[in-house]
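# Tertiary structure, described
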Amino acid sequence: MKADKGNKIVIMNTDEYERRVWKLIEANNYKEINKSPLSKMTTAANKVRKEISTVFGERFKWKLLVSNPEVPKLYCLPKIHKPGDNMRQIVALLSAPCTKIARWFVDEVKKFSPLHSCSVKNSIEFAKMINQMPVNENEILVSFYVEALFPSIPIKEALLLLKVYLSNQDITEDEVNVYMRAAEMCMDTNYFVFRNRFFKIDSGTSMGNPLSPLIAEVFMSNFEVKLKTQNMLPRVWHRYVDDIFAVIKRTDLNTTLNMLNEQYPEINFTCEVENEQKLTFLDLTLQRIQNKIEIAVHHKSTSTLRYIPSDSYAPIQHKLAAFHSLAHRLVSLPLSLTNYIQEYEYIKKVAKTNGYSEEIINNIIRKHAHKQTNENQSTLFKQNKKIDKKDDLKRVSITFAPTITNKLKTTFKRNNMEMVFSNPFKLKNHLNTLKDKTDPLDKSGIYQISCGVCSRKYYGQTKRSIKRRYCEHKQYVINNEPRKSAFASHVLEQQHLPVSSSEVHLVKCINDERKLDAYESMYICKDNTALNIDKGNIQSDLFCLL
């Protein structure tokens, strides 16, 4: 499996993995339930979806529908950057009944005015705010951390705070009520499955829920505003999600920590104090030099220096993406000359480890430095960047094959399409899945039904489960309705009975419904003996080459 942080792979005995997960479930006192909560979750999501369509438009009734819903699955990743056997729990809501509603709600909130808080967007913004900031002799640099923020949030209070925030926006009362019902439903249907056992999360929220970061931000923002109003916040206080940087008096450390922990019994703060006038925060090292803070880049001890090697079968854009990110950080952070050179040497070391020349790295750094200089001199460069982006530009994902894809670039560009390369030959594709496995017939996509008497096959597509769609085909045979299905027509006309469920198979799992027509047509064209009446919804000469 992948590690929680760092570009590392962990090999662990299956029994040990499950022992750790069960230990985590027991420690959090999750409530086990006897049967699958899927029908309950689906009913609640459908009710909210109907209310959303009433207020915001009929199109949302189907846009927010999850055609083939599943109970969210729990999986965990080992925290190798910390001592012990701790695991980070993630509840995957990719196919949960509420997932599209949660994403829609988060997108809606982005349109409103920002929350009043002390949060920072990223480490670059934070570094620019505190670089060369004076620190008195009687003060220390401290990093506060909220232990398990998502599972610890008091949801009822957070939802009340969310309602207050929405009420202050320029929207109607009906819209506020629908937003709140959507949020309450997403927080109430907080279930997961692990090894075919179902659990309910009664307190807090889970990582993996699209709504969790928003709920956490609303709660923490109010937490900060309340303390600031009461003049209880330290002189310097900057927060990134659950990590907080503060400058406080040396004598006030314990008092401040106790004060923070007294606010809510569910929220537990820990702290780390500067050591030898240095403190690590985010991916930065904060150095106190002559009573001023200087910035340096911090690299974890678990770092492997490994990125995509130069001889890897991958697009050049993918190979150099990591170095563009490193170069952007290098030129954007307010580093001293010494720290700049130190980070520059680190980037060169990474490049050498992965087989890239120093010239390539220098060109990338030079490009980002030039771009940074232009943006610092004038805002016109940022405005021109926004103007250059075409709203109607379509991005098309294509498997990387340079002898073919390089020649197609011009044709795609003429049709206002940008090629985005994917590579199926990745290490993660060979790793075991940590989630409970889904029965192939419970998935959606392209399916094949074989005639039990002759060798002919029927190919179909479905956004729902294949098992459910097959039952419909079978019912058409029982009810003598050949017009509703080419498979039923074949069985009834040829009298190839009986129909057995062992003859249906998943051909390709597809979650993106936009691809269903193309794949269905492709499989029909590939099989000359297919008993489908037509060749599918998409006709292409390319299918003849398969």
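Heads up: these notes are all about the structure in this document.

So, how was this worked out
Residues numbered from 1 in each chain as written. Predicted model: local features only at pLDDT ≥ 70, side-chain atom pairs only at ≥ 80, totals over all residues. Heavy atoms only, no water. Helix = DSSP H or I, 4+ residues; strand = E, 2+ residues; numbered from the N terminus. Buried < 20%, exposed > 50% of the residue type's maximum accessible area, 1.4 Å probe, protein only. Contact = heavy atoms within 4.5 Å. Areas by Shrake-Rupley, 256 points an atom, 1.4 Å probe, with all protein chains shown as cover. Axes fitted to C-alpha atoms, helices over the stretch in contact; angles between N-to-C directions. Parallel < 35°, antiparallel > 145°, perpendicular 65-115°, else oblique. Nonpolar A, V, L, I, M, F, W, Y, C, P; charged D, E, K, R; others polar. Left-handed = near helix turned anticlockwise from the far one by under 90°. Pairing = 2+ DSSP bridges. Patch = residues over 30% accessible without salt bridge, like charges linked within 9 Å, V, L, I, M, F, W, Y side chains within 5 Å. Salt bridge = Lys/Arg side-chain N within 4 Å of Asp/Glu carboxyl O. Core = buried A, V, L, I, M, F, W, Y, C linked by side-chain atoms within 4.5 Å. Expected span 1.5 Å × (residues − 1).

This brings us to the overall build of the chain. Tallying secondary structure elements over the chain gives 18 helices and 17 strands in all. When the 546 residues of the chain are sorted by exposure, 43% land in the buried category. Put simply, of all contacts in the chain between residues at least 6 apart along the chain, 69% involve residues at least 24 apart. Within the structure as shown, the chain displays about 31200 Å² of accessible surface, and the carbon and sulfur contribution to it stands at 50%.

Bringing the packing of helix α7 (residues 155-167) against helix α9 (residues 212-229) into the picture now. Relative orientation of the contacting elements α7 and α9 amounts to 80°, with a least axis distance of 9 Å. Taken together, the axes of α7 and α9 lie roughly perpendicular to each other. Taking contact as the criterion, the partners of I155, A158, L159, L161 and L162 in α7 are, on α9, I215, V218, F219 and N222. Class assignment of the residues belonging to the contact of α7 with α9 gives a composition of eight nonpolar, one polar and no charged.

On to the packing of α7 against helix α8 (residues 173-188). A pair of packed helices can be characterised by two numbers: the angle between their axes and the separation between those axes. With their axes 10 Å apart at the nearest point, α7 and α8 run at an angle of 160° to one another. Taken together, the axes of α7 and α8 lie roughly antiparallel to each other. In terms of crossing hand, the pair formed by α7 and α8 is right-handed. Contacts from I155, L159, L162, K163, L166 and S167 of α7 reach α8 at V176, Y179, M180, A183, E184 and M187.

Alignment of strand β15 (residues 445-450) against strand β16 (residues 457-462), held across six bridges, turns out to be antiparallel. Its bridge partner lying in β16, Q448 is registered against Y459. Hairpin geometry of β15 and β16 is characterised by an intervening segment of six residues between the two adjacent antiparallel strands.

As a further point, take a nonpolar patch on the surface. Together, I9, I11 and L427 make up a nonpolar patch on the protein surface, roughly 360 Å² of accessible area in all. Considering the arrangement of structural elements, one finds L427 in the loop between β14 (417-422) and β15.

Counting 83 residues, the largest nonpolar core has Y17, F105, F144, L162 and F269 as the members making the most contacts within it. In terms of residues, this core owes the most to one element, α8, which gives nine residues. In this structure, L284, L286, A327 and L333 belong to the second largest nonpolar core, which totals 36 residues.

Glancing now at the sheet that holds β16. Strand order in the open sheet formed by three strands is β16-β15-β17, with antiparallel pairing between adjacent strands. At either end of the open sheet lies a strand with only one pairing partner, and these are β16 and β17 (504-509). This sheet shows a mean twist of 25° between the axes of neighbouring strands, independent of strand direction. Against the sheet, helix α16 (residues 466-478) contacts β15, β16 and β17, and its axis sits at roughly 40° relative to β15.

Attention now moves to the pattern of salt bridges. In total, this model carries 26 salt bridges according to the counting rule given. Its salt-bridge partner being E217, residue R239 comes within 2.9 Å of it at the nearest N-O pair. One end of the pair, R239, is in strand β7 (residues 236-240); the other, E217, is in helix α9, and 22 residues separate them in sequence. The class of R239 is buried, set by a relative accessible area of 0%. Linked by salt bridges that have partners in common, E16, R19, R20, K23 and D85 make up one network.

Right, let's talk about the sheet that holds strand β11 (residues 284-289) for a bit. If you walk across this open sheet you meet the three strands as β10-β11-β12, and the pairing is antiparallel. Two strands in the sheet have a free side with no partner beyond their single neighbour: β10 (278-281) and β12 (292-297). If you compare each strand with its neighbour and ignore which way they point, the axes differ by 30° on average. The strands touched by helix α5 (residues 123-130) are β10, β11 and β12; relative to β11, the strand with the most contacts, the crossing angle is about 5°.

Once that is clear, we can look at α9. Taking 1.5 Å as the rise per residue, α9 with 18 residues should run 26 Å; its terminal C-alpha atoms sit 26 Å apart, in good agreement. Of all the residues in α9, the buried ones are S212, L214, I215, A216, V218, F219, M220, S221, F223, E224 and L227. Phi turns positive, to about 55°, at N231, one or two residues after α9.

In this section: the environment of I52. Tracing the chain through its elements places I52 in helix α2 (residues 38-56). When the C-alpha positions of I52 and I360 are compared, they lie 52 Å apart, and in sequence the two are 308 residues distant. Apart from residues no more than four positions distant in its own chain, I52 is found in contact with G57, F60, L64, I101, W104 and V178.

The next subject is the environment of F281. Mapped onto the fold, F281 is located in strand β10. Taking C-alpha positions, F281 is 45 Å from L408, a pair spaced 127 residues apart along the chain. Residues contacting F281, with those up to four places away along its chain left out, are F126, S143, H238, D243, I244, F245 and L286.

In this section: unusual backbone geometry. Not every positive phi belongs to a glycine, and R195 is a case in point at roughly 50°. Relative to the helices and strands, R195 resides in the loop between β5 (191-194) and β6 (197-200). You will see that Q277, though not glycine, has its phi angle at about 60°, which is positive.

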